[in-house]
Structures are given as C-alpha cells and as structure tokens.
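Survey of secondary and tertiary structure
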Amino acid sequence: MTNFPWLTTIALLPLVGAAIVFALPAGLADRAKHIALGVSGLTLVLTIAAALQFDSGSKAQFQLVEQHEWIPQFGVSYAMGVDGLALVMIIMAAILAPICILAAWDDVPEGGKREKNYFALMLVLETFMIGVFAATDVFLFYVFFEAMLIPVYFLIGSYGGARRQYAAVKFLLYSLAGGLVMLVGVIALYQYGPGGADGFLVTKLTGLDIPVVAERLMFVAFFFAFAVKAPMWPVHTWLPDAATEARPATAVLLVGVLDKVGTFGMIRFCLQLFPEASKWATPVVIVLAVISVLYGALLAIGQTDVMRLIAYTSVSHFGFIVLGIFAMTTVGGAGSTLYMLNHGFGTAALFLVAAMLVARRGSKRIPDFGGWQRVTPGLAGAFLIAGLAGLALPGLSSFVSEFLVLLGTFQRYKAAAVIATAGIILAALYILLMYKRMMTGPKPELVEPVRDWNVREKLVIAPLIAALLVLGFYPKPALDLLNPAVSKTLSYVGVSDPAPTTAADGSAK
Amino acid sequence: MTSLSTLAAAEGSAAAAATGITSAAWLLVALPLLGAAVLLLGGRATDKWGPLFATAMSWAAFVVGFLVWISMIGRPADGRAMHLTLFEWIPAGSFNLQAGMLVDQLSVAFVLLVTFVGSLIHVYSIGYMEHDPDKRRFFAYLNLFVASMLLLVLADSYLLLYVGWEGVGLASYLLIGFWNHNPAYATAANKAFVVNRVGDFGLSVAIMIMFVTFGTVTFAGVSQAAGGASEATLTAIGLMLLLGACGKSAQFPLQSWLGDAMAGPTPVSALIHAATMVTAGVYLVVRSGFIFNAAPDAQLVVVIVGAITLLFGAIVGCAKDDIKKALAASTMSQIGYMMLAAGLGPVGAAFAIFHLITHGFFKAGMFLGAGSVMHGMNDQVDMRRFGALSGAMKITWVTFGLGWLAILGVPPFSGFWSKDKIIEAAFVGEGWRPWVFGLTAMIGAGITAFYMSRLFFMTFHGKKRWTDDVHPHESPLVMTVPMMVLAVGSALLGLVLSIGGTFTHWLEPVVGSHGEESPVLAVPVITVLTLLLVAGGIGLAWMRYWRDEVPVVAPTGSLATQAARRDLYQDDVNEGVFMRPGIHLTRSLVFADNRGVDGAVGGMAAMVGGTSSRLRRVQNGFARSYALTMLAGVVAIFALVWVIQ
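Given the structure is predicted, the values throughout are model-derived calculations rather than measurements.

1. As for the overall build of chain B
- Along its length, chain B carries 26 helices and 3 strands.
- A burial count over chain B gives 58% of its 645 residues as buried.
- Taking the intrachain contacts of chain B between residues at least 6 apart in sequence as the baseline, contacts between residues at least 24 apart amount to 81%.
- Split by element, the accessible area of chain B, about 23200 Å² in all, is 69% carbon and sulfur.

Structural data, given as structure tokens:
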C-alpha cells in the first residue's frame, strides 16, 4: 500500500464529511454532529494506518510522498509528504478533532442549520490542519496556511461569545498581515530557486545560494508570519481575545493545533530554507522567546478570565518552544517538537475542563468560582491534573519537553536558559492561584444543583489525561519519530551539538 | 534488549546489575503507586476498603524493602550496590537517559525508613481520619507520597530523582491543602509548592550544568567524571543543588513554608513534614558527595546554611504556642544539624544520615503524640490550654516522653548517639570554622533542650489550663500502637545502630571514609559541655513552664520573643521583597498589555487596513460581507502573483 495516497485521503476525508453535513436536509440536521464525529473518527483510524507505514529509520526527508503538477506555469505542485514532525502534528490534529467535536456536542443548542454549519466548519478546518502540515510545496503550504483562516474566522465570528466580532476581526487582521508579508517572501524565494514546473518544492528550495541580504529579508518575512501565528510577544494580543471569545472546542483547535503551524513553519521553512539568516537572527529570537516565556506567565498570573489566563499560559509555552528551536541543538529541537505535541493535549485538557466549569457556573470570571472542588470533585481533579501538566510537573508530559528545551538551550545560551527556567516558578503561581481561587474555599451556595461531569465529558477528558500521563513516563514513541526530523533540520542548518566540556572517562553516553 | 542492558551496565559501572529480589525493587514504587491509582480511579466504590488497601500496599512495599535489605546484607561490602535498568526513558538527540534504580546502602536505609515509618503512619491514620468523609482521598495521597519518595531515593539519575522530588512536593501540596475548604490552608499549600519551586529552579540549573559539563546526568556518570571538572563548575553545581535542598528541606532562606505546612492533618506532618520528605535535601547533598567533596566553597555554604537554620529553627521554636508549629520549628532546626553535618564531607555525612534516621523515628513519634493530644482535646493546638495531660493520656505521655529524651540527646536515647556525633564532627577542622560551627551546634543543643522541654512540660505537666468543653481521653490502640513502636525506636535505635559503628560502616562505601581526625576540643569535654547545656535548658524550662503558672494568654514578651513568634519576620520580608512588587508588576503589565501593546499593534493594523472608520464599517456583522472581503483578498493575491509572473 506504499503508493496509496494516504495523506490526500486523510486530508480530504473531513472535507467530504463537511460536504455531506452541509448538504444534509433540514430534517436530518440533528444528525450533523454524529456524522461529524464519525468522519473525524474514521480520519483518526486512517491516520494511524498511515503512521504505521512510516519508517523512522528512512534516509529521505519525506515519506508517504505524493506529487502532481498543479500550476506548472509558476512552479506550483500539489506535493504532500511527511517527516516525523509533520506526522506527529497530523496525528495530534487527528486525535484532537474528534475530541473537540465531542466537546462541542451541545455548543449550538438551537440546532438546525446553524448547528449543521458549525460541525461542517469544524471538519473543513480539520482538512486544512492536515493539509498544512503535509504540504511539501511552499506555495501549497501557503494556500493551506491562509485557507485555515476562513473556517476559524467563521467559527469565532458566528459562534463565539459576546465580543466575537471584535475577536474574529482582530484574529483575521493579525493573521492576514502576517500572511501578506510572508507571501512577498514566498514569491521572492521562487525567484532564487531553480524554477521550473516544480520550483516551489521544499526540497528544491533547500540549500540555495542566496545573497545575504535577500536571505535575511526573506527570513524576516517568513518569521514574522510564524511569530504572529505562534504567537510570540509582542504580536500575541490577538490570542487571548480569540481564545476567550471562541467556543472552547474552537479555542482548542486554534491554540492547540493552528498555532503550532507557526513553530512548525519556523523549523521547516526558516531553519531549513534560510539557515544563515536563521543563525544571524538567533540572538534576537532568543531574547523574544525568553520575553514571551516570562511575559506570558506574568500576564497569566494577572488574569481574571479563566480562558484568557489559559491563553496567556500558551504564550509562555510557545516562548519555550521557540527557544528550543533556535537553540539549534538536537536536545532543544527534540524538546521543542515534543512540546508542540504535549502542549496540544495539555492545553486541550485545560481549555475543555475550564469550559465545562464555565458552562455550569455561567461565568468565565475566576472570582465567580470558589469552593468548586466540593461541587464537582471529578472536574476539579481533572482540572488539577491538566493544570499540573501546564506547570510541567515531572511525570506529566510537558515536563520532559520543557526540561529538554532548557537543557538544549543551556548548551549554547546559558543566561537565556537560566532566565527562562525562572518561568517554572511563575508557572506554579499562575496554575495554583487559579486552582485555589476556583476550587478551594468553603462550598458555595448555588441556586440550582450542579452535577459533576457526565459520560460524554468523561469521554472527552479521559483520552487527554491518558496522553499526558503516558507521554510523561514514556515519551520514547514520539521522540523516535521526532529525533530524525530534528537532526535532519539541524544538518541543513549545518550546526552540531557542543560536546560536553568534561567527558566521563570511558563511559559511553 | 541486550544492547540496552550493556548500555545500562556501562552507565552504572559502580554497581552490578541487579539480581534476585533486588531486580524486583521496582515493586517498591509500583505497589504504593497502584494503591494510589486504585483509590483515585475507583472512586466511591473503594470508600469501604480503600484505606485498608492503601495501608496493605505500604506494608507490602516495606516487605519488599526488607527482603532487598536482607539480600544486601548477605553480600560483601563492595558488592552490595546494585543497579536496575527499568526502560529507555528519554532518547532525545544527544541526551539519552534510561530510567533506572540504584539500590545501594544509602537508598536502602531510606527505603526502610520511609516504608516502615510510612506504614505505621498509615495505620495511625486509620484511627485519626476515621470520621473524615474524604479519607479515601487522604490514603490515596499518602500512597502517592510513599511511591514518589521511594522513587526519589532509588533513582539512578538526577533527572529521575527530580521526578520523585516534585512527586513528593505534589503529595505534600495535596495533603497540606487536604482541608482546603479553609482558605488559609489552601494558601499554605500553595506557599509550600511555590517556595519549593524556587528550590527546583536550583535543581534544574544544576542538572543543566551537569549535562553540559559531563554529557550525562546519571549518578554513576557524573561521579566518574566529576574529578575532571574545574572547581568553579563543581562549586556552581553544588550551590544550585543546595538551593534545591534548601527548598525541600526548609533551610534558610527557603524555610518559610514549613510552619504553614502544619495546616495538613497531623499524620501528614509526621510523615512528610518531619520524618521523610523534608529530609530529602540532606539526601541530595549526601548523594552528591562526589561534587561537594571537590568543591570546598560549596561545602562551606552548606555548613553555614545548616548552622543558620539550626539556630533559626531553635529560636522560633522557643516562642511558638501552637504545638505543631513548635514541632515544625524543631524539625527545621534538626535538619539544620543534618545539613551542617552533610556539608562537613565524609567526616559528617554518615552522621547526617544517622541523625536523619533517628530523627525520623523520634520526631514522627512526637508528631503522632501531638495528634493524639489534639484527638483528645477537640483538635486544639494551643499549648497554653493544655497542661497536666500526663494523667489523662498515659500512653501518649510515655511515648512522647521517650521522643523528648531522644531529641534532647540524653544518653542512652537515640538522639544522643547521632546528634552528639554531629557536634563532635562540627568541632573538627582548622582555623575559625570548628569553633564557630562547633559552638553553634552545641548552643543549639541547649536551646533545643529548652524549647522541647517547654513543649513537653506545657502539654503534659504543670496545672490544667483546659477550656471547659474538653474531656481529654487516651486515643484508640490503632493510634497508640504505632506511637509505641516509634517510641521503642526513639529509645533504642541509636544505641543499636552505633554499637561498633555499625551504621557508619554500612554507609562508608557510599559516603566515603575519613581519617581519624580529632576535634579541637577533647570528645569527653564536648559531651560533658553539651550535656550541661542540655541540663540547663531543661532546668530553665522546668522553672518557667512546670513550676510557675503558665498564663493562658501569651504575654506580650520581649522584642526577641515577638520576633521569634513571627518567625523572625520571614513572611514580612518575602512579602515586602517579592510579593508586593510582584503584584504591582503583574498589574501594570496587564494594564499595559490591554492598552499599550495592543494599542500599538492595533494602531499599525489600522494603518494597514486604511482608516479606522473603514475598519468600523467592515465590522457590520454580516457574514456575507466578510466572505466577500475574503474572496476579494484571495483574488487580489492571485492577481498579484500573476502580475509578478
């Protein structure tokens, strides 16, 4: 089955599902979510089947490749393929999609066409999420990169909270600004490439001999778009608004998956296509990343809206991810890419449990809670575990990745690593203060009785918590996929790890 | 698998691959972990038998530990340490770490202490927590603690130790905040975790320096290569490790959380905040002897920290009227002794662990005694409302009394054998150090005698100062039997372990041996002087708290008393230096982020998008006009591309 177009199949399947859902007659509109769940579930099964075809020992950068001419006049191909990193991202998206659909089950209580369209949009988004990670043609990547904005825009703008319009437009403006700058870079890059009918392929654009200034300008164009997407300080301000106004399921896909396109892009495009410029920009990027770590954490401590708080923790976590990427060591790279996976599950768990609490309390304000451990003990426990993953408690997945990032960064940039390590103290503060304010204290007097989590909610949370625990104690399966991708990227950049200053006598590492 | 095990053998070259019962050492962690998982996942269904199950799991771990120890005794001294590879944990680029266990003389000593005292406290808790509606959760957390603590002491690398290190921190957080419907208790839990995180910052940085310097973070790898590193590097590692140890062991300047941690149920205070977890910092320093021994400056700082803390805790202990807080201050002080000894290098390290073990027995016993007193006195903790309890609670009085004699260092009780040796070791050396540290340790012993006698007399002797509603009664056997067992340990363990230097010889292969260096004062002189100071402390306490009337409301006291009552202003300092500026910083950043950063970027966006009025028109709320805009945008982009082409 090696010639089977795995990636196209798993990318298109949700789109087909979206078309079916969209075309449902009004009488069957209440079936929309069942179909959506089924389609995303099937996509997950096929994704796992595709992953089993992947050989992590392979020499080639991309596997499961497909390539067809698309717009040969200017070098655009329909080219799909994955390395370990892209595969891990696609698996994460495919796992989170059905979880989010299940979490969004009652998001549109009025039903009918609005509900139908809601689930159709989520499936469309899944298609683009898979496509953007699988594209191995720079232009095709760009198309997916921009196309993703459309379903997200409607998911926020039409289905979000009170200030949804403001949040949606802000999200769109930031993203379009980033995208337009990147487009200039994309076009310019083609001029320096070999040209031809497949001149936009990543493989054709790797290792080019580009004049220094041009390379730096193009790097900046790409990096700007990815920094907005990631999001890094100071272009992060769209995220808290989008995250709090969006429905929780949308927020999860936005922060957990879409934002990873930013850091994914830094690895795949900034480092691989512009290695010299990446090294040139590293000092600035490291500083920005460290600022993001501390700034996001301090802002999270000061929030009173639980969804905004979680969004700011992500700003901090993305700071770690970027830090590890630009440390340019195998350890830092492995840490960052693993963090991209772990953050997806960790943030999903935090957002979704918080949303279940918000739905019960009818408020996102942290001071409106208090004592809820005595009201919803199950949800409180899940919230604590998700929060502990957020503060990178050893034994939960984020710890391994965060520590690897710090370790890898310390190999080259000691001061930056030490300052970023202070982030672990701030992380304890923002998580534990939130937990204390919401969950501890005397049992509140509630007007109506509140029930603890139901079966559907348990089904949403259980796989996420299982992922946090399993990846915390046994991250090897993910690392085995990520390590080759990281060392390949670093070999394109042309850097190798610093050797230990004092090797152990005769003891092999 | 063969390649894995050879790799492991290379890493743990000092220790042979585990055989026999030692290869089942993973059960030590797995059994209590299973207990915690069953109770937490099983929910209400396990309410009935959960506490018993958790207790059984803890005892099962003790049995495994005991068998491992027996098999270790059977081997010659140089073959006792064994290494057990568990699985490939983190293969990440040039960092490749196995999860493995190092079962040697030091870790086995801890395993026996943790599982034995831990299991006794499980039994005690069956009685103490009988009427608590959430007791299943309590036992789950206790099991989680035992599992994490055993992982901490059995880990074969600093990173795996870190997992256990934060695991015990989590258990401590959960148990301090066990009654978190009281907001003050929830705050105490947070404080403990956050202060510990400051320490963890140090431990993290230490591990990073190790990796960059040696390329490995296993004990075996680092100890082999440590000799090749510069003293400056080793000093840096040592100081960072010490920061971690200060957080976990409540040593100056990270001591502020321990007093508040008494918010947890008393069995927790006995197990976690007296006998085991808080001593993990001492374990870390002793385990890292290969680093500290090559970094004399770092060692000196360890000794100074220990000396400051032992006095700090002792002074605070003199002013506390809350029986648990007085015991907590005493714990801090006693760990100060251990830290001081650990910083002395091989001459003191074995005694640090020795004192840690005896302290584990007598302090846990006294905490359980305090719990028994509270049980009989409607959960009151104010010693000014106790007095004359020796008659009403005979078993508690006798068992507590043995603990009291032990901590005082009265021969032949346990503390004498361990603490006196630390004081002797502190007098070893040249120049000013032996005098300063030796005298500090000796004076500390006198103060200890005063505040512990004060505590003992105020609680059990003198006149009744009870409130009207209390009817003191002895606790049930399920609580008093563990107290009796610990009291036997308080009385005899020190003597048994020091006959012929058994315990120090046992640890020698791990902590290293030292030549016969004699203290600057003759040993009998030190012993006699110390005992005189102890007698003085007891006498002073007897006059003021047994013979004289103890007022039920604390008198204002001198400035020194007021300072000690407020823990020498530790919280005021932390609030003034860190908390309030931090709150201001956070608030102004939130303000700036909403106005400043957003405003600047928003302004740019407005410029890009044209005028702000046009922006407002765009936000008309009609989906179709957005779709149209998007479509126009996409068309424009494609047009641009075509033009350029």
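2. A few points about the overall build of chain A
- Across its full length, chain A carries 21 helices and 2 strands.
- Taking 2.2 N^0.38 as the reference for a compact globule, 509 residues should give roughly 23 Å; the C-alpha atoms of chain A span a radius of gyration of 22 Å, in line with that estimate.
- Each of the three principal axes of chain A carries a C-alpha extent, and together these read 70 × 60 × 40 Å.
- Taking all 509 residues of chain A together, 67% fall into the buried category.
- Taking the contacts inside chain A whose residues are at least 6 apart along the sequence as the reference set, 81% of them involve residues at least 24 apart.
- Accessible area for chain A stands at about 15800 Å²; split by element, carbon and sulfur atoms hold 65% of it.

3. Remarks on the environment of Leu 490 of chain A
All names here are of chain A.
- Along the chain, Leu 490 falls in helix α21 (residues 476–493).
- Residue classification places Leu 490 among the buried residues on the basis of a relative accessible area of 6%.
- For the pair formed by Leu 490 and Gln 272, sequence separation is 218 residues and the distance between their alpha carbons is 8.0 Å.
- Leave out the neighbours within four places in its chain, and Leu 490 touches Met 328, Thr 329, Thr 330 and Val 495.

4. Re the packing of aromatic side chains
- Counted according to the given criterion, the structure contains 57 aromatic pairs over all chains.
- For the pair Tyr 474 of chain A and Phe 87 of chain B, a centre-to-centre distance of 5.8 Å together with 70 degrees between the ring planes defines the contact as edge-to-face. With Tyr 474 of chain A in the loop between α20 (455–473) and α21 and Phe 87 of chain B in strand β2 (residues 82–92), the pair connects residues from two separate chains.
- Overall, the relative accessible area of 35% leaves Tyr 474 of chain A in the partly exposed class.
- Seen in terms of ring centroids, Phe 457 of chain B and Trp 546 of chain B are 5.1 Å apart; in terms of plane orientation they differ by 50 degrees. Their pairing is tilted. Taken together, the residues Phe 457 of chain B in helix α19 (residues 433–460) and Trp 546 of chain B in helix α22 (residues 523–547) connect sequence positions 89 residues apart.
- The exposure class assigned to Trp 546 of chain B is partly exposed, which follows from its relative accessible area of 34%.
- A connected cluster of aromatic rings, assembled from ring pairs, spans Phe 141, Phe 145, Phe 222, Phe 226, Phe 269 and Phe 274 of chain A.
- The ring of Phe 145 of chain A carries Lys 229 of chain A above its face, with NZ or CZ at 4.8 Å from the centroid.
- Across from the ring centre of Phe 410 of chain A, 5.3 Å away, lies the NZ or CZ of Lys 414 of chain A, which sits over that ring.

5. Description of the packing of helix α17 (residues 397–412) of chain A against helix α7 (residues 183–214) of chain B
- In the contact formed by α17 of chain A and α7 of chain B, the axes pass within 9 Å of each other and the chain directions differ by 50 degrees. As the angle between them shows, α17 of chain A and α7 of chain B are arranged oblique. Note on packing geometry: the crossing formed by α17 of chain A with α7 of chain B is right-handed. Along the contact surface, α17 of chain A presents Phe 403, Leu 406, Leu 407, Phe 410 and Gln 411 of chain A, while α7 of chain B presents Ser 204, Ile 207, Met 208, Ile 209, Phe 211 and Val 212 of chain B.
- Residue composition of the contact of α17 of chain A with α7 of chain B, grouped by class: 9 nonpolar, 2 polar and no charged.

6. Structural notes on the UniProt feature "domain: NADH:quinone oxidoreductase/Mrp antiporter transmembrane" (unreviewed entry) in chain B
- As annotated in UniProt, the feature "domain: NADH:quinone oxidoreductase/Mrp antiporter transmembrane" (unreviewed entry) corresponds to residues 155–441 of chain B in the numbering used here.
- A distance of 32 Å separates the end C-alpha atoms of residues 155–441 of chain B, which is 75% helix and 0% strand.

7. Remarks on the interface of chain A and chain B
- Opposite the 84 residues of chain A that make contact, chain B presents 72 residues.
- One can count 1 salt bridge joining chain A with chain B.
- Here Lys 476 of chain A and Glu 88 of chain B are joined by a salt bridge, their closest N and O atoms 3.2 Å apart.
- Summed over the shared surface of chain A and chain B, the number is 15 residue pairs in polar contact (both at pLDDT 80 or more).
- At 12 residues, the largest contribution of residues to the side of chain A that touches chain B is made by helix α7 (residues 164–192) of chain A.
- Residue composition of the side of chain A that touches chain B, grouped by class: 54 nonpolar, 19 polar and 11 charged.

8. Focus on the pattern of salt bridges
- Tallied over the entire structure, the rule returns 28 salt bridges over all chains.
- Between Arg 384 of chain B and Asp 321 of chain B there is a salt bridge, with its nearest N and O atoms 2.8 Å apart. Of this pair, Arg 384 of chain B sits in the loop between α16 (346–376) and α17 (394–408) while Asp 321 of chain B sits in the loop between α14 (296–319) and α15 (323–343), and the two are 63 residues apart along the sequence. A single burial state applies to Arg 384 of chain B and to Asp 321 of chain B, both of which are buried.
- Across the pair Lys 421 of chain B and Glu 424 of chain B runs a salt bridge, and its minimum N-O distance is 3.8 Å. One end of the pair, Lys 421 of chain B, and the other, Glu 424 of chain B, are both in helix α18 (residues 414–426), 3 residues apart, so they sit about a helical turn from each other.
- Looking at Lys 421 of chain B, the relative accessible area reads 33%, which means it is partly exposed.
- Here the residues in one salt-bridge network are Arg 163, Lys 170, Asp 241 and Arg 308 of chain A, joined through shared partners.

9. Brief notes about the pairing of strand β2 (residues 76–82) of chain A
Residues and elements named next belong to chain A.
- Buried residues dominate β2, accounting for 6 of its 7 residues.
- Here 6 bridges tie strand β1 (residues 63–71) to β2, and the two strands are oriented antiparallel to one another. For Glu 66, the partnering residue across the bridge sits in β2 and is Met 80.
- Counting the residues between successive antiparallel strands, the hairpin from β1 to β2 contains 4 residues, one of them, Gly 75, with a positive phi of roughly 80 degrees.

10. Quick look at the UniProt feature "domain: NADH:quinone oxidoreductase/Mrp antiporter transmembrane" (unreviewed entry) in chain A
- Mapped onto the present numbering, the UniProt feature "domain: NADH:quinone oxidoreductase/Mrp antiporter transmembrane" (unreviewed entry) falls at residues 135–421 of chain A.
- When the span residues 135–421 of chain A is considered, its composition is 78% helix and 0% strand, and the gap between its end C-alpha atoms is 35 Å.

11. Section: a nonpolar patch on the surface
- Together, Leu 469, Val 470, Phe 473 and Tyr 474 of chain A together with Trp 26, Leu 86 and Phe 87 of chain B give the surface a local cluster of nonpolar side chains, amounting to about 620 Å² of exposed area.
- At the level of elements, α20 of chain A together with β2 of chain B are the ones that each hand at least two residues to the nonpolar patch.
- Among the elements that line the nonpolar patch, the one with the most residues is α20 of chain A, at 3 residues.
- Mapping Leu 86 of chain B onto the fold places it in strand β2.

12. Points about unusual backbone geometry
- Here the amide bond leading from Trp 233 of chain A into Pro 234 of chain A is cis, since omega sits at 5 degrees, within 30 degrees of zero.
- Looking along the chain, the bond that leaves Phe 252 of chain B and enters Pro 253 of chain B is cis, with omega of 5 degrees.
- Relative to the helices and strands, Pro 253 of chain B resides in the loop between α9 (231–248) and α10 (257–260).
- Backbone geometry at Asp 379 of chain B places phi at a positive 60 degrees, although glycine is not the residue there.
- On the secondary structure map, Asp 379 of chain B appears in the loop between α16 and α17.

13. Remarks on the side chain of Ser 292 of chain A
- Looking at where Ser 292 of chain A falls in the secondary structure, it is placed in helix α13 (residues 275–301).
- Ignoring anything within four residues of it in the chain, the contact list for Ser 292 of chain A reads Met 232, Trp 233, Ala 297, Val 315, Ser 316 and Gly 319 of chain A.

14. Quick look at the packing of helix α5 (residues 138–147) of chain A against helix α9 (residues 212–229) of chain A
Residues and elements named next belong to chain A.
- Running from N to C, α5 and α9 point in directions that differ by 35 degrees, and their axes come no closer than 14 Å. Both α5 and α9 take part in a crossing whose hand is left-handed. Between α5 and α9, the residues in contact are Val 138, Phe 141 and Phe 145 and Phe 222, Ala 225, Phe 226 and Lys 229, respectively.
- Across the contact of α5 with α9, the residue classes tally to 6 nonpolar, no polar and 1 charged.

Reading guide: rules and limits
- Residues numbered from 1 in each chain as written.
- Chains lettered and ligands numbered in written order.
- Predicted model: local features only at pLDDT ≥ 70, side-chain atom pairs only at ≥ 80, totals over all residues.
- Heavy atoms only, no water.
- Helix = DSSP H or I, 4+ residues; strand = E, 2+ residues; numbered from the N terminus.
- Buried < 20%, exposed > 50% of the residue type's maximum accessible area, 1.4 Å probe, protein only.
- Contact = heavy atoms within 4.5 Å.
- Areas by Shrake-Rupley, 256 points an atom, 1.4 Å probe, with all protein chains shown as cover.
- Rg over C-alpha atoms; globule rule 2.2 N^0.38 Å.
- Phe/Tyr/Trp six-rings, centres within 6.5 Å; stacked < 30°, edge-to-face > 60°.
- Lys NZ or Arg CZ within 6 Å of the ring centre and 35° of its normal.
- Axes fitted to C-alpha atoms, helices over the stretch in contact; angles between N-to-C directions.
- Parallel < 35°, antiparallel > 145°, perpendicular 65-115°, else oblique.
- Left-handed = near helix turned anticlockwise from the far one by under 90°.
- Nonpolar A, V, L, I, M, F, W, Y, C, P; charged D, E, K, R; others polar.
- UniProt positions renumbered as here; feature names shortened; annotations may be inferred.
- Salt bridge = Lys/Arg side-chain N within 4 Å of Asp/Glu carboxyl O.
- Polar contact = N/O pair within 3.5 Å; in protein donor to acceptor, adjacent residues only side chain to side chain.
- Pairing = 2+ DSSP bridges.
- Patch = residues over 30% accessible without salt bridge, like charges linked within 9 Å, V, L, I, M, F, W, Y side chains within 5 Å.

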